[in-house]
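# Commentary on secondary and tertiary structure
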Amino acid sequence: MKKKHVLTIMLGALLQTSVFAAWSPKGDKIRTVWAEKVTPENVWRSYPRPQLQRSQWMNLNGLWKFAVTDQATTKKQVKYEGEILVPFAIESSLSGVQRTFLPTDKLWYQHNFTIDEDWKGKNIILHFQAVDYECQVWVNNKLAGTHKGGNNPFEFDITKFINKSGDQMVELSVVDPTDQESISRGKQQLNQKGIWYTPVSGIWQTVWLEAVNPQYIRQILPEADIHKKTVKLHLDVAGAKGQENIKVEVLDKRKVIKTIEQKGTTDMEIEIPDAVLWTPASPQLYHLNVELSVNGKIVDNVKSYFTLREAGIKKDACGYNRICLNGEPIFQFGTLDQGWWPDGLLTPPSEEAMLWDMVQLKEMGFNTIRKHIKVEPEQYYYYADSLGLMLWQDMVSGFSTERKQAEHVAAGAANDWNAPAEHSAQWQKEMFEMIDRLRFYSCITTWVVFNEGWGQHNTAEIVNKVMSYDKSRIIDGVTGWADRGVGHMYDVHNYPVSSMILPEYNGDRISVLGEFGGYGWAIKEHLWNPEMRNWGYKNIDGAMALMDNYGRVIHDLKTLVAQGLSAAIYTQTTDVEGEVNGLLTYDRKVTKMPTSLLHILHNDLYNVAPAKAITLVPDGQGGAKNQRKVSVNGSEMKQVMLPYSVQPKATVVSETEFVLNQPLKNLSLWLRAAGTGKVWLNGVEVFLQDIRMTKQYNQYNLSDYSSLLKKGKNTIKVEIQGTNKMDFDYGLRAF
């Protein structure tokens, strides 16, 4: 009888093992090539904190037990139903689960591990790089701590909970309201459509352990001074008592070039011999070996690095405020990068996959990435430092979909959302945690605080607080709309073509184009869901049409850069779910335009000289009104004031003369209209495009027709075959 009982137990254990061992990616949607290489044994193995590395650590990624219950279920009542591959969210294919997780659900995890014998007598720190959204953590059935916020790392000292020997057990419970509450959720939404994507719940970045002594280096924050050719190391040492000794080695290409020692843990300033500044063309990294000792005994040894670079603002020869790197103006041109993957959602399938995206952008000739409404694994920022890619880092915004009317501040709204104090405190806490974690990385030149009115509140107070908190970076207080006159940038979004706020109207700030483009080409075999609306801000059919439109809008940017535009962000790096406006397909298997062609197009943008434009035909930018001859639907020309309100489906024509006293090579056309537009210069058609009414005036580069101009009187004629209601206006500038 006993023997039969033992066999039954063994058979049950084998059956459970076989169920748990059956991990594989779930679902039938498109995947990247890297997803095919993922296994529970090789998933996200790299050291998760490049800014501060120590040798004694343990990666806990892999297969964990999981269960989904209602929120009333207690830990004792949980019955684990299978295994999930950490660090992939439960909704993702690579989790091996791929199921919807609701705001009424609770997600449970359980994982066993053992402590290395060499770690005896040390403090054990348990790290979670990101868990979305609110969790409780137990170690060996004792509550280790709680955390709220889905994008930042957190840690617990679990030393007192560790068993003296044998297996250790960590458990989590997670709840995630997604878009039902006012939280920092980014693009996640339970009802996916348009710009809203599949939710991400639970663990979605690496889980790991490290062993430290009671006295250990908690943080090293480098502060470069490119003028003195020095770096100041701000040290945070846990358990410091004043008897510590710090030894630092500075390495250049693995060769020690400087060694410095000091008593105590105060800031250390180090002069760098033959200093090389960090730039996109030469992304120089200096590495550090840092040793902490007490009474001659080494108690901690970590590796870190730094760069010598300075992000700033100064006026160019024409008086335009420019973004500067190391004191020199630099045009920042990049992509809106969502960081989403068809197989891992917010979690890239691997470090290799994440790096591949970045290398492609570099090879395309971009020097900047706007990391949009997402915080990446820390390895991403190290790669950017190493590749020489500048980053704009967004704070993760959010609002309740149910309360969207109040919480999503509309374009042109006079007032911010009147957010509850509790919400503002939590949101700001998460934002400053993000800044504290990522300010180490030199690639980040800009913090982006609010995006397109999402949860925008207390704008002036919060943006000014960020400007005071990190003076080493440029602050984009509001990107898109609802500008409140604060922050270093006046940032507009304009789809699909180019625009900017001219320097004379930007409040003495930097003019940037925070989003534009979005040309969508849906490639059938590479769609997330062929049955849903697959769209771009302008839908394109085929590679030739895409190159034609993209080439034209890059040409348009040149006349804006000359007139003071300091940065532009194209939408976007890849297709994402129903959005097909990527330069790459969502599965990263098709690059929609030749990389070499993009590099050639983009390179010209970095060499545009500033110019003072002459107004040949004034428009209403800045609030002015101008008298023009206008005909509507074939009526006789009459004098009206522009901007002029025109009803839908109407054809409007206007013609005016202007005088040119000197030859000018560059022409900048500004249009405010909705419909098919045609423009003639001195009787020659120079423009034919579909135009949208946007919040700003659309701008088009007509420099290739400047030879049509003559000294003395010239004529410009504009015709719009209208689609929607419009406030018709136009202008022409030249230099």
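Residues numbered from 1 in each chain as written. Predicted model: local features only at pLDDT ≥ 70, side-chain atom pairs only at ≥ 80, totals over all residues. Heavy atoms only, no water.

Helix and strand content of the protein: eight helices and 43 strands. Against the 2.2 N^0.38 benchmark of 27 Å for 735 residues, the protein shows a C-alpha radius of gyration of 29 Å, consistent with a compact globule. Each of the three principal axes of the protein carries a C-alpha extent, and together these read 105 × 65 × 50 Å. Within the span of the protein, comprising 735 residues, buried residues form 60% of the whole. In the protein, the proportion of contacts linking residues at least 24 apart, taken out of those at least 6 apart, comes to 70%. For the protein, the accessible surface area stands at approximately 29,400 Å², while carbon and sulfur atoms represent 50% of it. (Helix = DSSP H or I, 4+ residues; strand = E, 2+ residues; numbered from the N terminus. Rg over C-alpha atoms; globule rule 2.2 N^0.38 Å. Buried < 20%, exposed > 50% of the residue type's maximum accessible area, 1.4 Å probe, protein only. Contact = heavy atoms within 4.5 Å. Areas by Shrake-Rupley, 256 points an atom, 1.4 Å probe, with all protein chains shown as cover.)

Across the nine residues that make up strand β43 (residues 726-734), a large majority, eight, are buried. The pairing of strand β33 (residues 614-617) with β43 spans three bridges and is classified as antiparallel. When the sheet's bridge partners are listed, T615 is paired in β43 with R733. Where strand β36 (residues 644-646) and β43 come together, three bridges link them in antiparallel fashion. Bridge assignment links Y644 to a residue of β43, and that residue is F728. Two elements, strand β38 (residues 667-672) and β43, share six bridges in a ladder whose sense is antiparallel. Residue pairing across strands places L667 opposite A734, the latter belonging to β43. (Pairing = 2+ DSSP bridges.)

With that settled, the discussion passes to the environment of G296. For G296, the position within the fold is in the loop between β18 (286-294) and β19 (297-306). With 153 residues separating them along the chain, G296 and L143 place their C-alpha atoms 37 Å apart.

Model confidence for the protein is summarised by a mean pLDDT of 95, while 97% of its residues fall at 70 or above. Note on residues 1-18: pLDDT is under 50 here. Beyond four places in sequence and across chains, it has zero contacts. (pLDDT = per-residue confidence, 0-100.)

The next subject is the state of the cysteines. Enumeration according to the criterion identifies zero disulfides in this entry. Here C318 is not cross-linked by a disulfide; its sulfur's nearest cysteine counterpart is in C324, at 14 Å. (Disulfide = S-S within 2.5 Å.)

When we look at burial in helix α6 (residues 459-469), the residues that qualify are T459, I462, V463 and V466. When α6 is viewed along its axis, its buried side chains cluster within an angular range of 95° and face the same direction. Packed against the buried residues of α6 are α5 (421-438), β26 (444-451) and β27 (474-480). (Arc of directions from axis to C-beta.)

Let us now look at the packing of aromatic side chains. Inspection of the entire model under this criterion finds 32 aromatic pairs. Arranged with centres 5.1 Å apart and planes meeting at 75°, the rings of Y197 and W340 form a pair that is edge-to-face. Of this pair, Y197 sits in the loop between β10 (167-175) and β11 (202-203) while W340 sits in the loop between β23 (332-337) and α2 (351-363), and the two are 143 residues apart along the sequence. The same class applies to Y197 and to W340, which are both buried. The interplanar angle of 85° and the centroid separation of 5.1 Å between the aromatic rings of Y305 and F440 together place this pair among those described as edge-to-face. Pair noted here: Y305 is in strand β19 and F440 is in the loop between α5 and β26, with a separation of 135 residues, a long-range link. The same class applies to Y305 and to F440, which are both buried. An aromatic cluster of three or more residues is present, and its members are Y305, Y380, Y381, Y382, Y383, F440 and Y441. Across the ring face of W528, the terminal group of K29 is positioned such that the distance to the ring centre comes to 4.7 Å. If you follow R185 out to its NZ or CZ, it ends over the ring of F399, 4.8 Å from the centre. (Phe/Tyr/Trp six-rings, centres within 6.5 Å; stacked < 30°, edge-to-face > 60°. Lys NZ or Arg CZ within 6 Å of the ring centre and 35° of its normal.)

One can describe the packing of helix α7 (residues 543-562) onto helix α8 (residues 595-603) by two numbers: an axis separation of 10 Å at closest approach and a directional angle of 20°. The angle between α7 and α8 places the two elements in the roughly parallel class. With respect to the hand of their crossing, α7 and α8 are arranged in right-handed fashion. Residues M547, Y550, G551 and I554 of α7 lie in contact with α8, whose contacting residues are L597, L598, L601 and H602. Grouping the constituent residues of the contact of α7 with α8 by class yields six nonpolar, two polar and no charged. (Axes fitted to C-alpha atoms, helices over the stretch in contact; angles between N-to-C directions. Parallel < 35°, antiparallel > 145°, perpendicular 65-115°, else oblique. Left-handed = near helix turned anticlockwise from the far one by under 90°. Nonpolar A, V, L, I, M, F, W, Y, C, P; charged D, E, K, R; others polar.)

We now examine the sheet that holds strand β8 (residues 142-148). Across the sheet, which stays open at both edges, the six strands sit in the order β3-β2-β4-β10-β7-β8 with antiparallel pairing between neighbours. Two strands close off the open sheet at either side, each with one partner strand: β3 (82-86) and β8. Averaged over all neighbouring strand pairs, the angle between strand axes comes to 30°, with direction disregarded. Note that strand β7 (residues 134-139) and β8 share six bridges and pair antiparallel. Along β8, the bridge assignment pairs E134 with K148.

A few words on the pattern of salt bridges. Inspection of the entire model under this criterion finds 34 salt bridges. Of the charged contacts in the structure, one is a salt bridge between K37 and E352, with a shortest N-O distance of 3.9 Å. Highlighted residues: K37 in the loop between α1 (2-20) and β1 (57-59) and E352 in helix α2, separated in sequence by 315 residues. You can call E352 partly exposed: its relative accessible area is 47%. Connected through salt bridges with shared partners, the residues R49, R54, E210 and D300 form a single ionic network. (Salt bridge = Lys/Arg side-chain N within 4 Å of Asp/Glu carboxyl O.)

Core analysis: the biggest nonpolar cluster contains 124 residues, and F333, L557, I716 and F728 have the highest contact counts within it. In terms of residues, this core owes the most to one element, α7, which gives seven residues. Judged by nonpolar contacts, the second largest core, of 33 residues, contains I90, L107, Y109 and L126. (Core = buried A, V, L, I, M, F, W, Y, C linked by side-chain atoms within 4.5 Å.)

Strands in a sheet are paired, the pairing made by backbone hydrogen bonds, and the direction either parallel or antiparallel. Strand order in the open sheet formed by four strands is β1-β12-β5-β9, with antiparallel pairing between adjacent strands. Pairing within the sheet leaves two strands with one partner each, and these edge strands are β1 and β9 (154-157). Neighbour-to-neighbour, the strand axes of this sheet turn through a mean angle of 20°, independent of strand direction. Pairing analysis gives six bridges linking strand β5 (residues 123-128) to strand β12 (residues 207-212), with the strands arranged antiparallel. Bridging from a neighbouring strand, F128 pairs with V207 of β12.

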